[in-house]
Amino acid sequence: MTACQIALHPGEDLHALLQACLQAHITPILTISYGDYLKDLGNWEERSIIKRFVDYVDKVYTAYKDQVHHFVIFDQPHFLPDTSLSKLYQVMHYIFVAQAQAVLCLKAHDPSLCVGSMVNDIVGLPHARPLDALALSDYNEIENYSTMDIYGYGRYPALVRRYLASQDIQLDMTLSDRQVLKQAAALTDFMGLHYEMCVLVGFNSLSGSYTSGILGAYQISSGRRDPLGLRLAMRTMTSRYDCPILVNFHLKEHQGDDDFDTIDDLREHVKEMKKAVGDGSQILGFMIDQTNSFKKSSAYYKHLIMSNGEEL
């Protein structure tokens, strides 16, 4: 299908835009919460925010139910605290529970809705030593799988639970939270993937020692964009969760009067994405974030969509 992801600003009326998409045979995918758009709902460090968010989701569904069948609940939430690690994890937990209750809310209205959320994935690659491979395992569990496993399985990875305990972090997590997370994971239809870059991950001897049972002793260096990382991320997501993937990545920033490098960047990423499909991944849709609007890359992207990715 030809799809378009649309982020909803609070108070904005999207009926005309959605109708234009439908008339052009474009399937709208409505993002309910993008970035910090919903920071005005209240303090995300308080449990009461969950109900306010679900009430908002209910209103969004009522307003657009005749035009939208695909919903992304959260995409890159930016209302996270920059204070303590414990507050960060607590806010993330409330976001996870709010996302889960939103899934249940939408599915209660219409079980046929296609519902999911986006995750950021910075693919880690190990240095040469076995300790580096162990550090990479920690990195993936703590930085990537902690969110993916919530959406895919409805629970935190065992290593993340141990990591929180090692940091003396106790989440405000109720039995009802656990039940809702499990129920929502069983009803989630897809997982969104924001691919950003690859980074080298190695053991950080200053952080601790694995022989003494300390987790999270990793350090990150040498980040760079690599289309192969998108394929790796998709293969991992398919292997762990076996669900359709909504792919989104940021195109390279570029200078000058043309954007041929943007076209090359897009072409190489699509090549690796198609290889991931050959590896067994399922793609719900493919989107790009592009800060510049040059005619050459816009025309190329339009042609790419019209050919369903066949003509690169």
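Residues numbered from 1 in each chain as written. Predicted model: local features only at pLDDT ≥ 70, side-chain atom pairs only at ≥ 80, totals over all residues. Heavy atoms only, no water.

**Remarks on the overall build of the protein**
Selection criterion: Counting from the N terminus, the helices are the DSSP runs of H or I reaching at least four residues and the strands are the DSSP runs of E reaching at least two. Each residue is assigned to one of three classes by its accessible area relative to the maximum for its type, calculated with a 1.4 Å probe on protein chains only: buried under 20%, partly exposed between the two thresholds, exposed over 50%. Two residues form a contact once any of their heavy atoms are found within 4.5 Å. A 1.4 Å probe and the Shrake-Rupley method give the accessible areas. Residues count as covered only by the protein chains that appear here.
A tally of helices and strands in the protein yields nine helices and eight strands. Taking all 312 residues of the protein together, 49% fall into the buried category. Intrachain contacts of the protein at a sequence separation of at least 6 include 76% that bridge at least 24 residues. Total accessible area computed for the protein in this model is approximately 15000 Å², and 52% of it derives from carbon and sulfur atoms.

**Here we look at the environment of valine 68**
The residue valine 68 is located in the loop between helix H2 (49-64) and strand S3 (70-75) in this model. Separated by 41 residues in the primary sequence, valine 68 and threonine 27 place their C-alpha atoms 8.0 Å from one another. In this structure, valine 68 is in contact with Leu18, Pro28, Leu30 and Leu113, ignoring residues within four places of it in sequence.

**Observations concerning helix H8 (residues 260-279)**
The condition is simple: What a helix is expected to span follows from its residue count: subtract one and scale by 1.5 Å.
Over its 20 residues, H8 extends 29 Å from the first C-alpha to the last, a length consistent with the 28 Å expected when each residue adds 1.5 Å. Within the span of H8, buried status applies to Thr262, Ile263, Asp265, Leu266, His269, Val270, Glu272, Met273 and Ala276. Just downstream of H8 lies glycine 280, where phi reads positive at about 120 degrees.

**Digging into helix H5 (residues 158-166)**
The criterion, for reference: Each C-beta atom gives one direction from the helix axis, and the arc is the one those directions make.
Those residues of H5 lying buried are Leu159, Val160, Tyr163 and Leu164. Angularly, the buried residues of H5 cover 140 degrees about the axis, an arc narrow enough to put them on a single face. Those residues of H5 that are exposed and aimed more than 90 degrees away from the buried face are Arg162 and Ala165. For H5, the elements touching its buried residues are helix H3 (85-109) and helix H4 (130-153). Aspartate 168, located one to two residues past H5, shows a positive phi value of around 60 degrees.

**Quick look at the packing of aromatic side chains**
Put simply, the rule reads: Two rings from Phe, Tyr or Trp (for Trp, the six-membered ring) form a pair when their centres sit within 6.5 Å of each other. Planes less than 30 degrees apart are called stacked, planes more than 60 degrees apart edge-to-face, and all others tilted.
Going through the model one piece at a time under the given rule, you end up with seven aromatic pairs. Aromatic side chains tryptophan 44 and phenylalanine 53 sit 5.9 Å apart centroid to centroid with 65 degrees between the ring planes, which places their arrangement in the edge-to-face category. Given the relative accessible area of 0%, phenylalanine 53 is considered buried. For the ring pair tyrosine 153 and tyrosine 241, a centre distance of 5.2 Å and an interplane angle of 50 degrees mean the geometry is tilted. Linking tyrosine 153 in helix H4 with tyrosine 241 in helix H7 (residues 227-241), this pair joins segments that are 88 residues apart in sequence.

**Considerations on the confidence of the model for the protein**
Definition in use: The score called pLDDT rates the predictor's confidence residue by residue, from a low of 0 to a high of 100.
On average, the protein scores 85 in pLDDT, and the residues at 70 or more come to 87%. Per-element mean pLDDT across the protein ranges from 73 in strand S1 (residues 3-7) up to 97 in helix H6 (residues 175-187).

**Describing the pairing of strand S5 (residues 190-203)**
Note the threshold: Strands are treated as partners if at least two bridges between them are detected by DSSP.
Counting buried positions along S5 gives eleven out of 14 residues, so the element sits mostly inside the fold. With ten bridges joining them, strand S4 (residues 114-126) and S5 adopt parallel strand pairing. Bridge assignment links glycine 116 to a residue of S5, and that residue is phenylalanine 190. As paired elements, S5 and strand S6 (residues 218-224) share five bridges and run antiparallel to each other. Counted as the bridge partner of valine 201 is isoleucine 220 from S6.

**With respect to the side chain of threonine 147**
With respect to the helices and strands, the residue threonine 147 is situated in helix H4. Not counting the four nearest positions on each side in its chain, threonine 147 is found in contact with Met92, Phe96 and Val119.

**What about the packing of H7 against H8?**
Note the following rule: Under this scheme, a helix contributes an axis fitted over its contacting stretch, all axes are lines through C-alpha atoms, and angles between N-to-C directions fall in the 0 to 180 degree range. Every angle not falling under 35 degrees, over 145, or within 65 to 115 is termed oblique; those three ranges are roughly parallel, roughly antiparallel and roughly perpendicular. The handedness criterion is simple: a crossing whose near helix is rotated anticlockwise from the far helix by less than a right angle is left-handed, and one whose near helix is rotated clockwise is right-handed. All residues other than Ala, Val, Leu, Ile, Met, Phe, Trp, Tyr, Cys, Pro, Asp, Glu, Lys and Arg, Gly among them, are scored as polar; the first ten of these are nonpolar and the last four charged.
Close contact between H7 and H8 brings their axes to 8 Å; oriented N to C, the two are set at 25 degrees. What the angle tells us is that H7 and H8 run roughly parallel. Judged by the sense of rotation from one axis to the other, the crossing of H7 with H8 is right-handed. For the pair H7 and H8, the contacting residues are Pro227, Leu228, Leu230, Arg231, Met234 and Arg235 in the first and Glu268, His269, Glu272, Met273, Lys275, Ala276 and Asp279 in the second. Of the residues that constitute the contact of H7 with H8, the class distribution is six nonpolar, one polar and six charged.

**Observations concerning the environment of tyrosine 163**
Tracing the backbone through its elements, the reader meets tyrosine 163 in helix H5. The spatial distance from the C-alpha of tyrosine 163 to the C-alpha of aspartate 138 is 9.3 Å, given a sequence separation of 25 residues.

**As for the side chain of aspartate 226**
Inspection of the secondary structure puts aspartate 226 in the loop between S6 and H7. Once residues lying within four places of it in the same chain are set aside, the contact partners of aspartate 226 are Tyr195, Cys198 and His269.

**A few points about the pattern of salt bridges**
Selection rule: Counted as salt bridges are all cases of a side-chain nitrogen of Lys or Arg within 4 Å of a carboxyl oxygen of Asp or Glu.
Under the defined criterion, the tally for this structure stands at 13 salt bridges. The salt bridge involving aspartate 279 is made with arginine 235; its shortest N-O contact spans 3.6 Å. Residue aspartate 279 is located in helix H8, and its partner arginine 235 is located in helix H7; the two are separated by 44 residues in the primary sequence. Through salt bridges with shared partners, a single ionic network connects Arg47, Asp172 and Asp177.

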